Structure formats: C-alpha cells, structure tokens
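# Survey of secondary and tertiary structure
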Amino acid sequence: MKLTIAGAVAAALAATAMPAMADNHDLTGSLPDELKALYDNAAQGLMPSAYDDFEMPAKPWKWCHSESYQGNPWRVSVTEELHRLVDGLIEKGDVTSFEISDSNGDVSQQINQIRTFIESGCSIITAIPGSSTGVNDAIKASYDAGIPFITASAYVSSPYAINVDSNFWRWGYDMMSYIADKLDGKASILMVEGIAGAPIVAMEREGAEAILADHPDMKATRSVNGNWTANVTKTVTLQTLATNPAPIDAVWTTGSESRVVAEAFAEAGRPAPLITGSITGDALGYWKENPDKFRFEGNAVLPGWTAQTLFRVGLRMLEGQKPKLNVLLIPIPPVSGDNLEAWYEPCMTPDSVSVFPVPPTDPMPVEMMNEYFTNPASIGFDYESVPGACDAE
C-alpha cells in the first residue's frame, strides 16, 4: 500500500499548519454547533484530513502503540484500557497482536521505535507523542507505508496524523476561571505545570494567562513543573511552601495530583487552597476522609475515555471511515467541588493512585462522534460495557 494523496495537496496541507480557527472557520462548517464550540481558541493547527483517499490495511490487523512516557498512573491507565479494548478485537479475530513501546521522554528514541513499528508491519500506530514536531518525519514515513497514525492527548503538527485531542487552551482557561469565580477575582496562585516542553503545557498556560490578563488582582506568584507525577509534584509544592511564606490562595495544576498538593499544604501547616486539575480516585478518597482539607474545582481528563476515544477513532479509520479534520476535539467533563459525591466510589482511598473515576455518561456519544466522519458507521462500541472504577478492586 502507498499514499494516494497528491503531492500538491500534501504541500497545501503542510502549509496550513497554523493555529486553529485563525482562518479556518470553514473547516468546521459541517459540524454541529456543540462541536464547533470546542474549536474556539484551540491551539492545535486545523487542517483537512489527509486520509480521504487512503487505502486502509486489510484484516487481521496488528495494532501498535507508541508511548512517550509511562512514568505516572494516568499514562499507564491509558495503555491498560487501550490494551483491554484491542484485546476484544483479538478475541474476534480482527487483530493479531497489540504491541507497545515506551521512549521514557526521549523523542529520538520514540522516532526509532515508530520506525521499528513501520518495519515490523503494523497496521495502525496510535501514540502519545513527546513532541508536537519532533516525530513528524516518522509520522510521514508511517503514512507513506500505508499505516494510519493517530495521536491522543499530544497534538502533532504533521498533516499526516489524526489527533484525538481536547481543547487544552480552553481547559487552562476554565480552570483559572474557576479560581476567579470562587475567590472573587483576588488570589495569589501557585501554578504547577506538567512536563516542560510537552505539547499541551503551552496550550494550558496560554489559556490560564488569558484569565489572569483580565483579573489584575489575581497573581501567579510561582510556577513549577510537577511532571504530572505525584512525587515530583509534592516535592516542588513543599519546596515552594518552604521558601515562600506568603499566603497561597489557589493552586492551578493541570495534572491528576490534586491529592498530593492538598497533602503538602496540610503537612506544611498551611490553609487548604482551592486546587484545580483532573479528578482522581485518590483525590476523592482523600476528600472523603478530609473534607475540610480538600477544596477542588476542575474537570475529568481521564485515561479511560482518552483510550476509548483513541481506540474508537482508530477502529473507525481501519474500517474505512473518513475523518473530516486532522484534529478531532473531545469535550472534557467538568467536576464541581460541590458534587464530588457523584464521582466517589467506595474503593477510593488516599492510596488509590491507580483508580480513576468513570464519567457517568459517555463524554463523546456515538451520535456526536459520527459527525466527525463523512461516512460514519457503527463499530459496536458500547459505553455501558466500560468497567467501573471499582470493578477491578
């Protein structure tokens, strides 16, 4: 198999790699309003899909997954859920094997691993890339070899990838707006960001700064990198508290580490701040045991539905369905601090670092996902069959 997109079209696609919605409102013209809204201020470069005339590999498929980092429970859970879903295809005989690589933050290593996947005859490569541009040549090589390349949670600028993503600019904006709303626009804020250089970190930061620009009485007094990892986040938070005796009213954090942030403040004898982030099982367990020490407003950027949407898009493409765009944005469910009980389950404790809540309803219902494809069809995915957070306990 080989690529069938004309060279001139490919050049045009590459030339359009610019921030989404700048001059590309027409690209979302066929989408319903609820999906169009997801693209407002999205930082990802929006282009037409390069897969309109792509010849998909025949069954049975070999599914390969390229990870850039497996150093935290969130990333591990993405892989585990993707593995579970692909295992279902293996049982049906549609897939022969599921293979995974992990570059542990080394972009050069991830490039080599992707090229090894290509040489080994993978039918599809799904990935969480470690760079928005660094793996682009490898993605092009995958495309040229007739292997569709789909990313999750880490946008790449290559016109030869399909990015299953969320509007992280909007998420950063929303989390800072929660702080503005809850604290009446006056706050000293500690910002705990993810891995320096990761594609979504800049998106989240820019969204947060848009709120700060409109609220002169809200100040980000310190910014540190927690690497979306509990022990790193706790260490940098404790160091910040030890060297900054001034009050901190809120912690804007973009990871799944709200519990260790709350613990750090409690251990330092500091008042509980309002914490943003993505809700987790250990945070809910900590809240259940320490309701006076955990103040939260955020969302649910969860590994389960990240893997599920990645899988669903990948399988649709293997089945010959054509995505309309190179970036398919998925809504991020909000989680109110006043409604944590709805997300809590009995197996959740402060030690449940590998337990993640399951949204009560599908964040991306079938009818909504259908709108992203020119020829949608059922792939047999049933959200009701997704295991609950405590099912494996």
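Residues numbered from 1 in each chain as written. Predicted model: local features only at pLDDT ≥ 70, side-chain atom pairs only at ≥ 80, totals over all residues. Heavy atoms only, no water.

### Some details on the sheet that holds strand β2 (residues 95-102)
Heads up, the rule is: Note on pairing: DSSP must find at least two bridges between two strands before they are called paired. Secondary structure counts use DSSP, requiring at least four H or I residues in a row for a helix and at least two E residues in a row for a strand, with both numbered from the N terminus. Orientation is described by lines fitted to C-alpha atoms, with helices fitted over the stretch in contact, and by angles between N-to-C directions that extend from 0 to 180 degrees.
The strand order across the open sheet built from six strands is β2-β1-β3-β4-β5-β12, with neighbouring strands paired in parallel fashion. In the strand order of this sheet, the two ends are held by β2 and β12 (327-329), each with one partner. Direction aside, the axes of adjacent strands within the sheet are offset by 20° on average. Both strand β1 (residues 61-67) and β2 contribute to a ladder of seven bridges, which runs parallel. Looking at β2, one finds that W63 is bridged to F98.

### Observations concerning the pairing of strand β6 (residues 187-193)
Formally: A simple rule labels every residue: compare its accessible area, found with a 1.4 Å probe on the protein chains alone, to the largest value its type can have, and call it buried under 20%, exposed over 50%, or partly exposed in between. Consider the strands pointing away from the viewer: the crossover is right-handed when the path from the first strand over the helix to the second runs clockwise.
In terms of burial, β6 is largely enclosed, as seven of its seven residues are buried. The pairing of β6 with strand β7 (residues 218-225) spans seven bridges and is classified as parallel. For M191, the partnering residue across the bridge sits in β7 and is S223. Taken together, β6, helix α7 (residues 199-213) and β7 form a β-α-β motif whose crossover is right-handed. In this sheet, strand β8 (residues 250-253) lies alongside β6 in parallel orientation, the contact comprising four bridges. Within β8, the position partnered with V192 by the bridge is T253.

### Focus: the sheet that holds strand β10 (residues 295-296)
Going by this rule: The contact definition used throughout considers only heavy atoms, calling two residues in contact when any of these lie within 4.5 Å.
The strand order across the open sheet formed by five strands is β7-β6-β8-β9-β10, and the pairing between neighbours is parallel. The open sheet is flanked by β7 and β10, the only strands paired with a single partner. Helix α6 (residues 168-182) rests against β6, β7, β8 and β9 (274-275) of the sheet, and its axis sits at about 170° to β8. On top of the sheet, α7 reaches β6, β7 and β8; it is set at about 170° to β6, its chief contact.

### Digging into the state of the cysteines
We apply this condition: Disulfides are defined as cysteine sulfur pairs within 2.5 Å.
Throughout the structure, instances matching the rule amount to two disulfides. Between C64 and C122 runs a disulfide, and the two sulfur atoms are separated by 2.0 Å. Sign of the S-S torsion, about -80° for the bond between C64 and C122, identifies this disulfide as left-handed. Of the two residues, C64 is situated in strand β1 and C122 in the loop between α4 (107-119) and β3 (124-128); the sequence distance between them amounts to 58 residues. C122 matches C64 in its accessibility class, with the two residues each being buried.

### Describing the packing of aromatic side chains
The line we're drawing: Pairing of aromatic rings covers Phe, Tyr and the six-membered ring of Trp, with a centre-to-centre limit of 6.5 Å; geometry is then stacked below 30 degrees between planes, edge-to-face above 60, and tilted otherwise.
If you walk through the whole model with that rule in mind, you get 10 aromatic pairs. Both rings, one in F54 and one in Y143, keep their centres 4.9 Å apart while their planes meet at 45°; by these two values the pair is tilted. Of the two residues, F54 is situated in the loop between α2 (33-36) and β1 and Y143 in helix α5 (residues 136-144); the sequence distance between them amounts to 89 residues. The burial state of F54 is the same as that of Y143; both residues are buried. Consider the rings of Y143 and Y160, whose centres lie 4.8 Å apart with planes at 50°: the pair is tilted.

### Comments concerning the packing of helix α8 (residues 230-243) against helix α9 (residues 258-267)
Quick reminder of the rule: Less than a right angle of anticlockwise turn of the near helix away from the far helix marks a crossing as left-handed, whereas a clockwise turn marks it as right-handed. Charged residues are taken to be Asp, Glu, Lys and Arg, nonpolar residues to be Ala, Val, Leu, Ile, Met, Phe, Trp, Tyr, Cys and Pro, and polar residues to be all remaining types, Gly included.
Interaxial distance between α8 and α9 falls to 9 Å at its minimum, and their mutual angle equals 35°. Note on packing geometry: the crossing formed by α8 with α9 is right-handed. Between α8 and α9, the contacting residues are A230, T233, K234, T237, L238 and L241 on the first element and V260, V261, E263, A264, F265 and E267 on the second. Residues that form the contact of α8 with α9 fall into these classes: seven nonpolar, two polar and three charged.

### Description of the environment of C64
Of the residues examined, C64 reaches a relative accessible area of 0% and is grouped as buried. In this structure the C-alpha to C-alpha distance between C64 and K219, which are 155 residues apart in sequence, comes to 44 Å. What C64 contacts, discounting residues up to four positions off in sequence, is E99, F117, C122, I124, I125 and T126.

### Points about helix α11 (residues 303-318)
Because the α-helix completes a turn every 3.6 residues, residues three or four places apart line up on one side. Quick note on the threshold: Expected span, for any helix, means 1.5 Å times one less than how many residues it has.
Taking 1.5 Å as the rise per residue, α11 with 16 residues should run 22 Å; its terminal C-alpha atoms sit 22 Å apart, in good agreement. For α11, the tally of buried residues reaches 15 of 16 residues, placing the bulk of the element in the interior.

### What about the side chain of S153?
Along the polypeptide, S153 turns up in the loop between β4 (149-152) and β5 (162-165). Those residues in contact with S153 that lie beyond four places of it in its chain are W74, V164, D165, I200 and T306.

Interpretation in functional terms is not warranted from these geometric data alone.
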